[in-house]
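Chains, contacts and geometry: an overview
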Amino acid sequence: MAAGGCFQSRQGTRAMALVATAMILASCGQAFLSACPQLRRRAGTGNLAGSTGPSARPSHLQPSQVSMAAGEEISMVVGVSGPWAQLVLALLPTLFIELIVEREKARPRTREYVLNSEDQISIQIPFQIGNWEAARQNPDRVWNALCGLLDSSLLRRLQGSLFVLNAASALVLFYTMILVPQGYPLISLQTLPFTLSSFALGLLLAYRANQATLRYIKARDIWGDMLNISRDLTQMSSQWARYEDFVDFARWVPAFTTCLMCGLRNPEAHDLAQELREAAGSDLSKKGAGAGLSEEEIQLIVNRPKGMLAHHYVTHILRTKIKLMDLPLEQRALMENNITRLINDCGACENIFATPIPVAYSKHTTTFLYLWLFFLPWALEGSLGVGVVFAQQLLSFFLLGIEDIGVQIEQPFDVLPLKKICFKISNEGQIVRSNFASLEEAARVSRKAGVKQADPVPA
C-alpha cells in the first residue's frame, strides 16, 4: 500500500509539473506577443519557397484559421477554448505517455532483463504449450496486444524521442496559430515530398528489421545446434567410454556453452566462476557422479592461459579427454566431429557478435526517420490543425517502434534465453550421470522382454 501511495504521489506530481510548465509557456508566449508590434501581412509576400500563401489557397480560410477551427472542435470536447488552450492540449500526448511510463516502472518485475537496460529490454522467454495457446487465441490475442501497450517497455524506451517530436509539432501550432496572425510569414510544406519519400523510408526500415531478425534466427539456430551436440556428446561418452571417463567428460560438456554465454554478454552480467558452479545441474547439492566441476577445475578455467578465451579452453580440454579415452578410431572420429561442430558454432556466434549491420546504413536510416517525422507537422498542420500532434505521435510510435525493435534484436545474444539453454544442457547431463546405472538396467530389461516376445526362429 505504501509503495502504491508513493507511486500515485510521484505520478500526480509529475502530471502537475507538466501542466504547470505548459501554462507557464503559454503565459510567456502571451507576454511576448503583447510586446511585439502589430505587423501587417502583405498578400503574396512573406511566404517561403514551396509554401502556400493566402493568394494561392483556393479555400477562403487561412491555415491559422483552419488550425484554430479544428483545434476548437477538439478543445470544446475537453471544455477549453482559445489558441493558448489548444497549445496546452497539444502537449497532452507527453502527459499521457508520462503517466503510462510511470505505471510501467511501478509494476513488479517478473522477467529477466538485459544488463544496463534499466529493465527496458526483457530477455525472451522460452515458449511452452500455454504460451502458444494464448498467442493464437482469437480475439483475446488482439485485446492482449492492445492492452499490453500500457505495460510495454517499448513506450518507455521511446519516451524521449516522442517528447521531442511532440514539442516540435506544438511549436508548429504555436507559429501558425499565434505568430502568423500577428504578421509573421506563413511556413507550410507540401505533402508530396513526404508521400514520395515514405516508400523509401518504409524499405529502409523493413530491410533493417528483416536483417536484424535474420541475425536473431541464426543465433537461435546455432544455440539449438549446440544443445543437440551437447546431448550427443554425453550419450556417446556414456556408451563408449569407461564409466569413470564418461563421468569426467560429461561434467565438462556444459562448461562450453556456459563459458560461451559469458563471453557473448556484458562481463558484468555474469560471474564466470559462479555460472560454472551452477552448470552442475538443477541439484547443486549432489555428490559423486551428479556433481559438477570441482572448485579446482573451475579455477583452471578462470585462470586459463592469458589471451585464450574460456570457451576455447574448454574445447581443448574436451578434445584431450576424448584422446585419453582410448576409443576405437571410428568412435573417436564421431566425437571429434562433434567438437569440430561446437567450434564452428562458436565461430559463427563470434562473427554475429563482432559484425553489426553496416553502421552507416543504420545511422542513415535513423536520421532519415527522425527528420521525416520532425518536419511532417509542417505539411499536415494546414489540414489537421491541432490534430497534427496526435497524428504525428501515433505515426512516430509505430515507426520508431519498428526501428527500435530492430536495434534491440540486432545483438541477439542479449535477448535470447541463453541461460535457459545452458540450464537445460547441464540439467540433462546431471540426470544422465546420476541415473546411469538405472538407465543401463532399463535397457537390459527391455532387451530381455523383447527377446521373449520375439517369434521363434524357424528351423
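Residues numbered from 1 in each chain as written. Predicted model: local features only at pLDDT ≥ 70, side-chain atom pairs only at ≥ 80, totals over all residues. Heavy atoms only, no water.

**Observations regarding the environment of Gln 393**
Rules: Numbering of helices and strands runs from the N terminus; a helix is a DSSP stretch of H or I covering at least four residues, while a strand is a stretch of E covering at least two. Accessible area is worked out with a 1.4 Å probe on protein chains only. A residue is then buried under 20% of its type maximum, exposed over 50%, and partly exposed in between. Any N or O atom pair separated by 3.5 Å or less is treated as a polar contact, with the protein-specific requirement of one donor-capable and one acceptor-capable atom, and with residues adjacent in sequence counted only for side-chain atom pairs.
Residue position: Gln 393 is located in helix α16 (residues 387-410). The exposure class of Gln 393 is buried, given its relative accessible area of 8%. Separated by 300 residues in sequence, Gln 393 and Pro 93 place their C-alpha atoms 7.4 Å apart. Only 3.1 Å separates the side chain of Gln 393 from the backbone oxygen of Leu 162, close enough to count as a polar contact.

**Details of the layout of surface pockets**
For clarity, the threshold we go by: Throughout, the protein atoms alone are placed on a 1 Å grid, and a set of points is a cavity if a 1.4 Å probe fits but cannot get out or a pocket if it is open with protein on both sides within 12 Å along at least five of seven lines; lining residues have an atom within 4 Å of a point. Grid points are joined across faces, edges and corners, and a volume is the space filled by probe spheres set on the points.
Looking at the largest pocket, its volume works out to about 1,200 Å³. Around the largest pocket sit 33 residues that line it, and Arg 111, Ser 122, Gln 124, Ser 152 and Ser 153 are the ones nearest its centre. At the level of secondary structure, the elements contributing two or more residues to the lining of the largest pocket comprise α5 (129-135), α6 (140-147), α7 (153-157) and α16. Considering each element in turn, the lining of the largest pocket owes the most residues, seven residues, to α16.

**Topic: the confidence of the model for the chain**
Quick reminder of the rule: The predictor attaches a confidence to each residue, called pLDDT, with possible values from 0 through 100. In this description, contact between two residues means that some pair of their heavy atoms is separated by no more than 4.5 Å.
Predicted confidence across the chain gives a mean pLDDT of 81, with 78% of residues reaching 70 or more. Here residues 1-9 is a poorly scored stretch, pLDDT under 50, and it has three contacts once near neighbours within four places are set aside; other chains count. Low pLDDT, under 50, characterises residues 24-61; the stretch is placed with 45 contacts to residues that sit more than four places away or in other chains.

**Let's talk about the pattern of salt bridges**
Selection criterion: Each salt bridge in this description consists of a side-chain nitrogen of Lys or Arg and a carboxyl oxygen of Asp or Glu lying within 4 Å of one another.
Applying the stated criterion across every chain, the model contains 15 salt bridges. With its nearest N and O atoms 2.7 Å apart, the salt bridge here joins Asp 404 to Arg 157. Here the residue Asp 404 occupies a position in helix α16, and Arg 157 occupies one in helix α7, the gap between them amounting to 247 residues. The buried category is assigned to Asp 404, whose relative accessible area is 10%. Residue Arg 157 is classed as partly exposed on the basis of its relative accessible area, which comes to 21%. With a shortest N-O distance of 3.1 Å, Glu 278 and Lys 419 are connected by a salt bridge. With a gap of 141 residues between them, Glu 278 in helix α11 (residues 272-278) and Lys 419 in helix α17 (residues 418-434) connect regions that are remote in the sequence. The class for Glu 278 is partly exposed, based on a relative accessible area of 30%. One continuous salt-bridge network, built from bridges that share partners, spans Asp 248, Arg 251, Glu 297 and Lys 321.

**Considering unusual backbone geometry**
Geometrically, the link from Asn 138 to Pro 139 is a cis peptide bond, its omega value of -5° lying close to zero. The residue Pro 139 is located in the loop between α5 and α6 in this model. With phi around 55°, Asp 326 is a residue other than glycine that occupies positive phi space. Along the chain, Asp 326 turns up in the loop between α13 (310-324) and α14 (329-354).

**Considering the nonpolar core**
Here is the rule we go by: In these notes, a set of buried Ala, Val, Leu, Ile, Met, Phe, Trp, Tyr and Cys residues joined through side-chain atoms within 4.5 Å is what counts as a nonpolar core.
Of all hydrophobic cores here, the largest spans 54 residues; its most connected members are Trp 223 and Ile 301. When residues of this core are traced back to their parent elements, those giving at least two are α9 (192-240), α10 (243-264), α11, α12 (295-302), α13, α14 and α17. In this view, Ile 301 contacts Trp 252, Ala 255, Cys 259, Leu 272, Leu 276, Leu 293, Ala 310, Tyr 313 and Val 314; residues no more than four positions away in its chain are not counted. Leu 158, Phe 194, Ala 379 and Val 386 belong to the second-largest nonpolar core, a separate cluster that totals 34 residues.

**Notes on the environment of Ala 333**
Tracing the sequence through the fold places Ala 333 in helix α14. As a C-alpha pair, Ala 333 and Ile 322 span 11 residues in sequence and 9.7 Å in three-dimensional space.

**Description of the environment of Trp 240**
When you line up the elements, Trp 240 lands in helix α9. Considering only alpha carbons, one finds Trp 240 and Gln 331, 91 residues apart in sequence, at a separation of 7.6 Å. Residue contacts for Trp 240: discarding those within four places in its chain leaves Leu 327, Gln 331, Leu 334 and Met 335.

**Topic: a nonpolar patch on the surface**
For the record, the criterion: A patch consists of residues exposed above 30% relative accessible area that lack any salt bridge, with like charges linked at up to 9 Å and nonpolar side chains (Val, Leu, Ile, Met, Phe, Trp, Tyr) linked at up to 5 Å. Residue exposure ignores everything except the shown protein chains as possible cover, and the areas themselves are Shrake-Rupley values with a 1.4 Å probe.
A grouping of Phe 163, Val 164, Leu 189, Leu 371, Phe 374 and Phe 375 is seen on the molecular surface, where their side chains present a nonpolar patch of about 510 Å² in accessible area. Contributions of two or more residues to the nonpolar patch are made by α8 (159-179) and α15 (359-384). Topologically, Phe 163 is positioned in helix α8. By relative accessible area, which is 44% here, Phe 163 ends up partly exposed.

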